Amino acid sequence: MAVRDSTIPGTAPGIVKALTGIDGLDQLTGGGVPAGRPTLICGSAGCGKTLMAATFLVHGAQNLGEPGVLVTFEERATDLEQNVASLGYDLVDLQQRGLLAIDHIQIEPSEIEETGDYDLEGLFIRLGFAIDRIGAKRVVLDTLEALFSGFSNEAMLRAELRRLFSWLKDRGVTAVITAERGDGALTRQGLEEYVSDCVILLDHRVEGQVSTRRLRIVKYRGTAHGTNEYPFLIDRHGISVLPVTGLGLDHPASEERVPTGIPALDAMMGGQGFFRGSSVLVSGMAGTGKSTICATFVEAACRRGERALYFAFEESPAQIRRNMRSTGLDLAQWEQRGQLVFHASRPTLYGLEMHLAAFHRDVARLRPDVVVIDPMSSLMEIGSGFEVHAMLLRLVDFLKSRSITTLFTNLTQGGSAEARTDAGISSLMDTWLLLLNRETAGEQNRQLYLLKSRGMAHSNQVREFLMSDDGIDLRPAYLGPEGVLTGSARLAQEARDRAARQLRAAEMDRRRRTIARKRAQLLAQMEALQAELELEDEELRLLADEDAAVVRMAEEAHRAMAHSRRAMQSAED
């Protein structure tokens, strides 16, 4: 199917393109290779030229209804059919259905004698017949050098190359031509790249004993395109290209919260867990419980009906399943239901860019809700700190763009490493959990710190980190005379504190009884004094009454005497 790139943002209008079916390449080119024009794929041996060209043909035939012709000058048809079967391509079936024609033209340089003028009329006749027979819209020539091997007339070769590319354009077919890379030039002849409308350079390099395939679009007439080098991956799922320039800071920011599966950890973040689509770093030394936190988070996601993708670089899936059973987690059930997928490999299997391409491919294919990368520090074995940081930066942006909640684990070595990561990506993380082993009272005990959690209120207290058959538990910080206590030291201090509380309670009880006795004594004394006071009051009242009676009697006597005197005086008169 051909599309006009006027519908593709960032490209000039009017250019008609043909989709290749290669993940990432169609995005980089804004819709595929130029339709009705020749495209050159060049590179050294083993970089994937033939497989990329075959993918272009198979996608057109199977998915777009565009038959294709494959002319091979090196591999026999049967060999080619077997080779591309590793990608799941059935060329025999396509030929039987009339969607593909394969023509092997064997050219042996030792059997060629150069006499007179040389032209490609024979090729044009065979190719034209094949195109007409199946109504082909796509053509692949693999590889071009074999066609001109054994001929020394450079001017003649250049003229025929121009004529070949012009003939393909005149036929209106979308052509992909493969060519070997030359010394100091993209191709051996040094002309193909100039007469092609699109040139794609493939590279397969080895750095630090790790191989990586890369792709670069050298030119593309009439349209904008990605110009950087892009890693690409070839495996049983086909070819996928990582368009790193397509990543930017335009990913969404969800308000939804995702429980961690550890209620006490959720409580440290307001009781709700991580933000959906956030990146979480779990760092710590070996044996601190990083993988157990990740497995608990994955199990909780699967219980909610979500899908999880677990990238493991140090343990096999069987080992992870066995180890997690000791904490009460049955991960096998979620694998059987298709909700959990493990991708386990040693970091040295690929280079950094190939790992990144594998991440992209698996995420795009499985569409998970949560992803675990355990541990990301293993990637330091195959790249420098700068390279790992750049790779993880692109990975974080990619996962955020799809609103995937991701847990990264990082192995630290203690000391100053407690507050940093080897790849220096802690600043890229939304939440950072730090796990430590502290030696107290002759034993190692785990502690958890929530160093940061963007966009939410969170606890700054240390938690004791415990793992048992029932899973993970976080105990609140227990402060003793010498700071935060864990393990046996905590139990001993708790026992001492309980004994001290009991002693204080007994002392308080004794004091209460003593005070009660004193209160009773004082109350009795107060009652006696009150009775004595009442007697004194009664005596005083009686004295007052007696005094009042004496006064009345005196007054009455005085009145009687006065009355008697007045009577006597009246008698005398």
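Just so it is clear, the structure is predicted and the values come from calculations on it, not from any experiment.

1. Examining the overall build of the protein chain
Link 1 in the chain: Scanning the protein chain for helices and strands turns up 14 helices and 25 strands.
Link 2 in the chain: Counting all 573 residues of the protein chain, 48% fall into the buried class.
Link 3 in the chain: For the protein chain, the proportion of contacts with a sequence separation of at least 24, taken over those separated by at least 6, is 68%.
Link 4 in the chain: Put simply, the protein chain shows about 28,200 Å² of open surface, and 50% of that area lies on carbon and sulfur atoms.

2. Some remarks on the packing of aromatic side chains
By convention here, two paired aromatic rings are described through the distance between centres and the angle between planes.
Link 1 in the chain: In this structure the tally under the stated criterion is five aromatic pairs.
Link 2 in the chain: Relative to W167, the ring of F124 lies with its centre 5.0 Å away and its plane at 5°, an arrangement referred to as stacked. Highlighted residues: F124 in helix α5 (residues 121-134) and W167 in helix α6 (residues 154-171), separated in sequence by 43 residues.
Link 3 in the chain: Taking relative accessible area as the criterion, W167 reaches 17% and is therefore assigned buried.
Link 4 in the chain: An aromatic cluster of at least three residues, connected via ring pairs, comprises F311, F313 and F359.

3. Things to note about unusual backbone geometry
Link 1 in the chain: Residue P375 is reached from D374 by a cis peptide bond, and omega for that bond is -10°.
Link 2 in the chain: By the secondary structure assignment, P375 is in the loop between β18 (370-374) and α13 (385-401).
Link 3 in the chain: One non-glycine residue, R367, lies in the positive phi region at around 50°.
Link 4 in the chain: Here the phi dihedral of S403 falls at roughly 55°; this positive angle occurs in a residue that is not glycine.
Link 5 in the chain: As for its placement among the helices and strands, S403 is situated in the loop between α13 and β19 (405-411).
Link 6 in the chain: Assessed through its relative accessible area of 28%, S403 is described here as partly exposed.

4. Here's the deal with the side chain of D103
Link 1 in the chain: Note that D103 resides in strand β6 (residues 100-104).
Link 2 in the chain: On the basis of relative accessible area, D103 is assigned to the buried category, the value being 18%.
Link 3 in the chain: Only 2.7 Å separates the side chain of D103 from the side chain of R126, close enough to count as a polar contact.

5. So, α13
Link 1 in the chain: Between its terminal C-alpha atoms α13 stretches 24 Å, which fits the 24 Å expected from 17 residues at 1.5 Å a residue.
Link 2 in the chain: Of all the residues in α13, the buried ones are V388, M391, L392, R394, L395, V396, D397, F398, L399 and K400.
Link 3 in the chain: Where α13 is buried, its residues touch β15 (279-284), α12 (352-366), β18 and β19.
Link 4 in the chain: Remark: S403 follows α13 within two positions and exhibits a positive phi of approximately 55°.

6. Focus on the pairing of strand β22 (residues 463-468)
Link 1 in the chain: Two elements, β22 and strand β23 (residues 471-475), share five bridges in a ladder whose sense is antiparallel. Counted as the bridge partner of S468 is G471 from β23.
Link 2 in the chain: Between β22 and β23, which follow one another and run antiparallel, lie two residues.

7. Describing helix α2 (residues 49-63)
It helps to recall that an α-helix has 3.6 residues per turn; residues three or four apart then point in one direction.
Link 1 in the chain: Compared with an ideal rise of 1.5 Å per residue, which puts 15 residues at 21 Å, α2 spans 21 Å between its outermost C-alpha atoms and is within 8% of the ideal.
Link 2 in the chain: Among the residues making up α2, those that are buried are K49, M52, A53, A54, T55, F56, L57, V58, H59, G60 and A61.
Link 3 in the chain: Immediately downstream of α2, the backbone of G65 shows phi near 65°, a positive value.

8. Considerations on the state of the cysteines
Link 1 in the chain: On inspection of all chains with the given rule, the structure shows zero disulfides.
Link 2 in the chain: Take C42: it sits in no disulfide, and the sulfur closest to it among the cysteines is that of C47, at 8.3 Å.
Link 3 in the chain: Residue C42 is classed as buried on the basis of its relative accessible area of 0%.

9. Remarks on a negative patch on the surface
Link 1 in the chain: A surface patch of like charges, here negative, comprises E532, E534, E536, D537 and E539.
Link 2 in the chain: We classify E539 as partly exposed; its relative accessible area is 45%.

10. Thoughts on the confidence of the model for the protein chain
Link 1 in the chain: When pLDDT is averaged along the protein chain, the result is 81, and 83% of the positions lie at 70 or above.
Link 2 in the chain: Between the elements of the protein chain, mean pLDDT differs from a low of 49, seen in strand β1 (residues 2-4), to a high of 93, seen in strand β16 (residues 308-312).
Link 3 in the chain: Counted against residues more than four places away or in other chains, residues 4-12, with its pLDDT under 50, gives 22 contacts.

11. Topic: the environment of I217
Link 1 in the chain: Here I217 is to be found in strand β10 (residues 210-220).
Link 2 in the chain: Using a relative accessible area of 2% as the deciding quantity, one classes I217 as buried.
Link 3 in the chain: For the pair formed by I217 and L201, sequence separation is 16 residues and the distance between their alpha carbons is 6.2 Å.

12. Things to note about the environment of L202
Link 1 in the chain: Among the secondary structure elements, L202 is positioned in strand β9 (residues 198-207).
Link 2 in the chain: Given the relative accessible area of 0%, L202 is considered buried.
Link 3 in the chain: Measuring from C-alpha to C-alpha, the distance between L202 and G46 comes to 9.6 Å, with 156 residues separating the pair along the chain.
Link 4 in the chain: Setting aside residues up to four positions removed in sequence, L202 forms contacts with I41, C42, G43, S44, C47, G48, K49, M52, R214, L215 and F232.

13. Side note on the pattern of salt bridges
Here the idea is simple: oppositely charged side chains can pair when their charged atoms come close.
Link 1 in the chain: The full count for this structure, using the stated rule, is 22 salt bridges.
Link 2 in the chain: When the shortest N-O distance is used, the salt bridge between E507 and R510 registers 2.4 Å. Of this pair, E507 and R510 both sit in helix α14 (residues 487-572), three residues apart, which is roughly one turn of the helix.
Link 3 in the chain: The class of R510 is partly exposed, set by a relative accessible area of 38%.
Link 4 in the chain: Linked through salt bridges whose partners overlap, the residues forming this network are R37, K169, D197 and R221.

14. Brief notes about a nonpolar patch on the surface
Link 1 in the chain: Together, L522, L523 and M526 give the surface a local cluster of nonpolar side chains, amounting to about 300 Å² of exposed area.
Link 2 in the chain: Look at L523 and you get partly exposed, because its relative accessible area is 43%.

The rules behind the values
- Residues numbered from 1 in each chain as written.
- Predicted model: local features only at pLDDT ≥ 70, side-chain atom pairs only at ≥ 80, totals over all residues.
- Heavy atoms only, no water.
- Helix = DSSP H or I, 4+ residues; strand = E, 2+ residues; numbered from the N terminus.
- Buried < 20%, exposed > 50% of the residue type's maximum accessible area, 1.4 Å probe, protein only.
- Contact = heavy atoms within 4.5 Å.
- Areas by Shrake-Rupley, 256 points an atom, 1.4 Å probe, with all protein chains shown as cover.
- Phe/Tyr/Trp six-rings, centres within 6.5 Å; stacked < 30°, edge-to-face > 60°.
- Polar contact = N/O pair within 3.5 Å; in protein donor to acceptor, adjacent residues only side chain to side chain.
- Expected span 1.5 Å × (residues − 1).
- Pairing = 2+ DSSP bridges.
- Disulfide = S-S within 2.5 Å.
- Patch = residues over 30% accessible without salt bridge, like charges linked within 9 Å, V, L, I, M, F, W, Y side chains within 5 Å.
- Salt bridge = Lys/Arg side-chain N within 4 Å of Asp/Glu carboxyl O.
- Lys, Arg positive; Asp, Glu negative; His and termini not counted.
- Charge placed at Lys NZ, Arg CZ, Asp CG, Glu CD.
- pLDDT = per-residue confidence, 0-100.

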